[in-house]
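One letter stands for each residue in the lines below.
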Amino acid sequence: MSKVNFVNKSYKHKLRATYALLMFVILILLSVFAYFQINVTMKPIIGGMGDHVISSQVQYLGDQFDDQSKLLELLSSTEPFKNGDISTIKKEIDNQMLKHEDIIMSIKYKSITGEEYENNQHNIRAQKDYEKTLLEGNSETFQSQATFDEKLNEYIVFMGIKIVDNHGNVQGILSINTSVKKVVASLDKTKIGQLNKIWI
């Protein structure tokens, strides 16, 4: 082999090696660029989806408590509650407890004459101040902050409404104790499936 051919071959090998190294460096740079570009692009999207999920959960919890308030409004507006028909009131309270026992811990009716009925299987004792605040306040309704029940080891929300007859006179109060833990559990059962669609 001549000296010239040997030099040419050696030069070609060096050129190929340099070219391969250059391509490798470019590939690494492109990979790094792509990684950071995807990171910058995807983070806000994923973050926004997470915010939407949390927002949906909070909205659902709020809706659940609104539903309990609407139930109180509905019951208190019926004639048996307005007229203090205790036998019908007992049946209706027991019926509502069966329907909503997955969330509602107790329902209580109390007239201004002192007659009362309560379906309270968990023996929850709401603070007496709540009933007093409701009766003496200007608002037709009252909802407490979540308070911790040591016996049940969970947080309870008291909601109450004044029972007003057809002449505008207050005849009593109707109240509900709702379990925060059970409301959250109902979210897991009924809402998570819908929330998962956000990720698909």
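To be clear, the structure that these remarks concern was listed above.
Position numbers for residues start from 1 in each chain and track the written sequence from start to end. Per-residue local features are limited, in this predicted model, to residues with pLDDT of at least 70; the limit for side-chain atom pairs, both in listing and counting, is 80 or more; totals at the level of whole chains, interfaces and linings are taken over all residues. To obtain the side-chain values, all non-hydrogen atoms of the structure were used and water was disregarded.

Within this scheme, the nonpolar core is defined by two criteria: the residues are buried Ala, Val, Leu, Ile, Met, Phe, Trp, Tyr or Cys, and they are joined through side-chain atoms within 4.5 Å. Three labels apply to residues, based on accessible area from a 1.4 Å probe with only protein chains included: buried if under 20% of the type maximum, exposed if over 50%, partly exposed otherwise in between. Counting residues in each nonpolar core, the largest one holds 18 residues, and the members touching the most others are Phe81, Ile93, Ile107, Tyr109 and Leu174. Mapped onto this core, the elements with two or more residues apiece are helix 1 (3-76), helix 3 (86-100), strand 1 (104-111), strand 5 (154-164) and strand 6 (170-179). Whether two residues are in contact is decided by their heavy atoms, any of which lying within 4.5 Å being enough. Once residues lying within four places of it in the same chain are set aside, the contact partners of Ile93 are Phe81, Ile107, Tyr109, Tyr117, Asn119 and Leu174. Helix numbering and strand numbering both begin at the N terminus, where a helix is a DSSP run of H or I of at least 4 residues and a strand a DSSP run of E of at least 2.

Below, the discussion takes up unusual backbone geometry. The backbone of Asn123 shows a phi angle near 55°, a positive value even though the residue is not glycine. Relative to the helices and strands, Asn123 resides in the loop between strand 2 (116-119) and helix 4 (128-136). The partly exposed category is assigned to Asn123, whose relative accessible area is 39%. A positive phi angle is found at Asn153, which is not glycine, with a value near 60°. Tracing the chain through its elements places Asn153 in the loop between strand 4 (147-149) and strand 5.

Residues in a regular strand project their side chains so that they alternate between the two faces of the sheet. Taking burial as the measure, the ten residues of strand 6 include eight buried ones, the bulk of the element. Two strands make a pair as long as DSSP finds a minimum of two bridges between them. Bridge count for strand 1 against strand 6 is seven bridges, and the pairing is antiparallel. Within strand 6, the position partnered with Lys108 by the bridge is Ser175. Direction of pairing for strand 5 relative to strand 6: antiparallel, over a ladder of nine bridges. Within strand 6, the residue paired with Lys162 across the bridge is Ile173. Where strand 5 folds back on strand 6, the antiparallel hairpin that results is connected by five residues, among which Gly168 adopts a positive phi of roughly 85°.

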